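# Tertiary structure, described
Okay, here's what each chain looks like letter by letter:
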Amino acid sequence: MADGGRADHHRGACLGAARPRHRLRRWLDLRLRPCRRVVPGRDRADPDRAARGDTRASRAVAACRLPRGMGSGRCDAHRPRAGSSGQHRRQSVADPHAVPRRRCRPARCRLRRGRRARRPRSPHPTTVDDSPTPPAGGSSAMTVRCRIAPSPTGPLHIGNARTALYNYLYARRIGGTFVLRIEDTDAARSALEHERDILESLHWLGIEWDEGPEVAGLPARGPFGPYRQMERLPLYRETAERLLREDKAYHCYCTQEELAADRAAQELAREAPHYVGRCARLTAEERASKETQGRRPVVRFRVAEGIVAFDDVIRGHVEIDTTALGGDLVIVRSDGTPLYHFTVVVDDAAMQITDVIRGEDHLSNTPKHILLFRALGADEPRFSHLPLILNPDRTKVSKRKVQTAVSAYREQGFIQEALVNYLALLGWSSGTEEEIFTLDELVERFELERVHSGGAVFDRERLEWLNGQWIRRLAPEDFVERVRPFLARALEARAAAGDAVIEPDEGQLEALVPLIQERLPRLDAIGELIDFLFLTEVRPDPAQLVPKRWDRETAVTGLREARRVIAEVGAVSFEADELDSALRRLADVRGWKAGDLFTAIRVAVTARTAAPPLFDTLVALGYERTLERLDRAGELLEGLEA
RNA sequence: GCCCCCAUCGUCUAGAGGCCUAGGACGCCACCCUUUCAAGGUGGAGAUCAGGGGUUCGAAUCCCCUUGGGGGUACCA
């Protein structure tokens, strides 16, 4: 495969690669089949698919679209070329003690001009080297490496999905490497089930990682593994020991009670809560005495006093006084397990992450991380803090107020293209008036510098609109494939409710595609649109059988006459055009409004007032069933008379 | 409380001193199309650019203050 085909590489480029497909399939075990991408604005035929020629191949593609690095070596072709991304722009990060304390308050120090100066950008924005000092490591050229580090304490969250997407887009745009790391050090809340949901959801979205943990029985991929933090414990322990040895950290024996008392006292004194440093300078004897009391120490990192400054790609220059950070930071629990602020830095350093792109909720924590990077002697990455996704009341998005799990959107019939497109637009814009973008198109256009800095309310209405747009753009056979599970589920529900259900007929479904595809805001709306086709019997509401301008008697006559006319058309000529003219003629002769007659017929055969266009519906239903339903409806109305 | 970030139609956003009488999209309303429902088309309502001071011939845009919102401040991530 051509090395230069980067724009294409994360589409089905693994096609044909030999790989243990069945194993992947089993792991994925997706009730809803993963989808392929379509190209908007072009014809509905999926070129990949045309080349493939059958639907089975598409499943192979689904398997192939596992994250890069999870399959055969074939995907190595997609690895960024060494050196292609050029130099990594590094800002000089002042040593806290070297920075003169400015009189202006840090809040006012944000240099807007600095932000402006980032534009315009070259095609490879981060190759700009306006840094007055080279990176600490001395190497001037560095391949961009960024990561998403979800914590399996819940299913993949839309906020995390967006962060993952932005990291992915940034890495792909610039030819960098995108790493997936599982941050599972919160053993109490982490669950395998959630990790699985996260991986599946990322995969479903098409966000593929270059390096990450082993999945589906396939080994971890990438030179910096393992990629699960609980498997990296020795590294954290060694690093903590090193910091201890260098006196950059110390053992703290304070009990929860002592700390709570400190906090209470601080509150009373109207001080900011902070660690008082009781254990910061313990002698060996003091330590031994605490140990004999059976106290298990935590490890605290010494937070240096001073101002830590960094240049956030999205927010510009930020300065934070470390005295506001709450004092020395616990990096290892008393049970020996490491804490987030520690592991994130140890791993970012070890994995040579050059760009940390994460939610704004971490902005205030960044100085702690920077101090830790320095203590470790590691290069500081460039930071980009994304605006938060908000509830309608503008608080940080929460599952109480907004549906947050990506998998829940998927189950409701949102399609991957729409969710990706929507999430990309939540906080970023291309600067043009286009707004329908494929993942590949996003890769072409994405710039971190164009990310908005204010929080964005999650607007489900807009997502639904975008979903409809994307559903309409699907190739018909792709649409059928994607909607089928939703139809099956809807019919299962009807069967469970006691209705006699007919197995969906492929031909019927395909014939109706053009009619239903543009009527679905979500795939899960399929049931209410065409369930009548797959029920042996419908039960129309008698009131709805009588159009507004008609009385019951007219309705009875109308249904009978319609039955007669349709029977006259006959099974052989049972086509939309024939039905159309015959029924219009009937309305004309009787002096009825065609619409009234059609309404009565529609309700009679579908039991719904809203349905796909009537004549196509009748054809899909078939001659016999149409007549039968007209008869039943007529009888129903007549029965009411008696 | 303290620290940090943010601020343009209800919502997502465009906007980098004059192209702004502030553009687009969702949603809403009306009309057209139409057998229903959608989709689509056309048009409309909707933002004194949070408020106040500066700087400037000129400010949505630069600076300051105020207000409002959000986030952080754990042996959570």
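Residues numbered from 1 in each chain as written. Chains lettered and ligands numbered in written order. Predicted model: local features only at pLDDT ≥ 70, side-chain atom pairs only at ≥ 80, totals over all residues. Heavy atoms only, no water.

A count of helices and strands for chain A gives 24 helices and 11 strands. The buried share of chain A, reckoned over its 642 residues, is 53%. When contacts within chain A are restricted to residue pairs at least 6 apart in sequence, those whose partners lie at least 24 apart make up 80%. Carbon together with sulfur atoms contributes 49% to the accessible area of chain A, which is approximately 28,700 Å² in total. (Helix = DSSP H or I, 4+ residues; strand = E, 2+ residues; numbered from the N terminus. Buried < 20%, exposed > 50% of the residue type's maximum accessible area, 1.4 Å probe, protein only. Contact = heavy atoms within 4.5 Å. Areas by Shrake-Rupley, 256 points an atom, 1.4 Å probe, with all protein chains shown as cover.)

Here we take up the pattern of salt bridges. If you walk through the whole model with that rule in mind, you get 44 salt bridges. As a salt-bridge pair, arginine 145 and glutamate 211 come within 2.9 Å of each other at their nearest N and O atoms. Placement of the pair is arginine 145 in strand 1 (residues 145-148) and glutamate 211 in the loop between helix 6 (192-205) and helix 7 (233-245), with a sequence separation of 66 residues. Residue arginine 145 shares its accessibility class with glutamate 211, and that shared class is buried. In this structure, the salt-bridge partner of glutamate 635 is arginine 632, at a minimum N-O distance of 3.3 Å. Placement of both glutamate 635 and arginine 632 in helix 24 (residues 623-641) is noted, with a separation of 3 residues, approximately one turn of the helix. The partly exposed category is assigned to arginine 632, whose relative accessible area is 43%. (Salt bridge = Lys/Arg side-chain N within 4 Å of Asp/Glu carboxyl O.)

In spatial order, the strands read 3-4-7; together these 3 strands make up an open sheet with antiparallel pairing. Two strands bound the open sheet, and with one partner strand each, they are strand 3 (249-252) and strand 7 (329-332). Between one strand and the next, the sheet's axes are offset by a mean angle of 45°, whatever the strand orientation. Sheet topology places strand 4 (residues 298-301) next to strand 7; 3 bridges connect them, and they run antiparallel. Considered in strand 7, the bridge of valine 299 is made with valine 332. (Pairing = 2+ DSSP bridges. Axes fitted to C-alpha atoms, helices over the stretch in contact; angles between N-to-C directions.)

On to the nonpolar core. Core analysis: the biggest nonpolar cluster contains 115 residues, and Phe458, Ile530, Leu583 and Leu597 have the highest contact counts within it. The greatest single-element share of this core, amounting to 10 residues, is contributed by helix 5 (residues 158-174). Contacts of isoleucine 530, omitting those with residues within four sequence positions, involve Leu487, Leu509, Leu512, Ile516 and Pro612. (Core = buried A, V, L, I, M, F, W, Y, C linked by side-chain atoms within 4.5 Å.)

Counted by the stated rule, this structure contains 11 aromatic pairs. Summarising the aromatic geometry, the rings of tryptophan 550 and tryptophan 592 are spaced 5.0 Å apart at their centres and angled 50° between planes, so their arrangement reads as tilted. With tryptophan 550 in the loop between helix 19 (542-545) and helix 20 (552-569) and tryptophan 592 in the loop between helix 21 (576-590) and helix 22 (594-606), this pair connects stretches of sequence that are 42 residues apart. Residue tryptophan 550 shares its accessibility class with tryptophan 592, and that shared class is buried. The structure contains a cluster of three or more aromatic residues connected by ring pairs, namely Tyr166, Trp428, Phe437 and Phe446. (Phe/Tyr/Trp six-rings, centres within 6.5 Å; stacked < 30°, edge-to-face > 60°.)

Quick look at the confidence of the model for chain A now. For chain A, per-residue confidence averages 79 on the pLDDT scale, and residues scoring 70 or more make up 78% of the total. Confidence over residues 1-141 falls short of pLDDT 50; this stretch has 272 contacts with residues more than four positions distant or in other chains. Note on the complex model: pTM 0.81, ipTM 0.96. (pLDDT = per-residue confidence, 0-100.)

With that settled, consider the side chain of glutamate 319. In this fold, glutamate 319 is placed in strand 6 (residues 316-321). At a separation of 3.0 Å, a polar atom in the side chain of glutamate 319 contacts the side chain of histidine 317. (Polar contact = N/O pair within 3.5 Å; in protein donor to acceptor, adjacent residues only side chain to side chain.)

This next bit is on the packing of helix 20 against helix 22. Helix 22 packs onto helix 20 with a crossing angle of 80° between their chain directions and a minimal axis gap of 10 Å. In terms of orientation, helix 20 and helix 22 fall into the roughly perpendicular class. Where helix 20 approaches helix 22, its residues Gly558, Leu559 and Ala562 are matched on the opposing element by Leu597, Ala600, Ile601 and Ala604. Of the residues that constitute the contact of helix 20 with helix 22, the class distribution is 6 nonpolar, 1 polar and no charged. (Parallel < 35°, antiparallel > 145°, perpendicular 65-115°, else oblique. Nonpolar A, V, L, I, M, F, W, Y, C, P; charged D, E, K, R; others polar.)

Together, Glu575, Asp577, Glu578 and Asp616 give the surface a local cluster of negative charge. The residue aspartate 577 is located in helix 21 in this model. (Patch = residues over 30% accessible without salt bridge, like charges linked within 9 Å, V, L, I, M, F, W, Y side chains within 5 Å. Lys, Arg positive; Asp, Glu negative; His and termini not counted. Charge placed at Lys NZ, Arg CZ, Asp CG, Glu CD.)

All chains considered together, the criterion is met by 0 disulfides. Free cysteine: cysteine 279, not disulfide-bonded; nearest cysteine sulfur from cysteine 254 at 3.5 Å. (Disulfide = S-S within 2.5 Å.)

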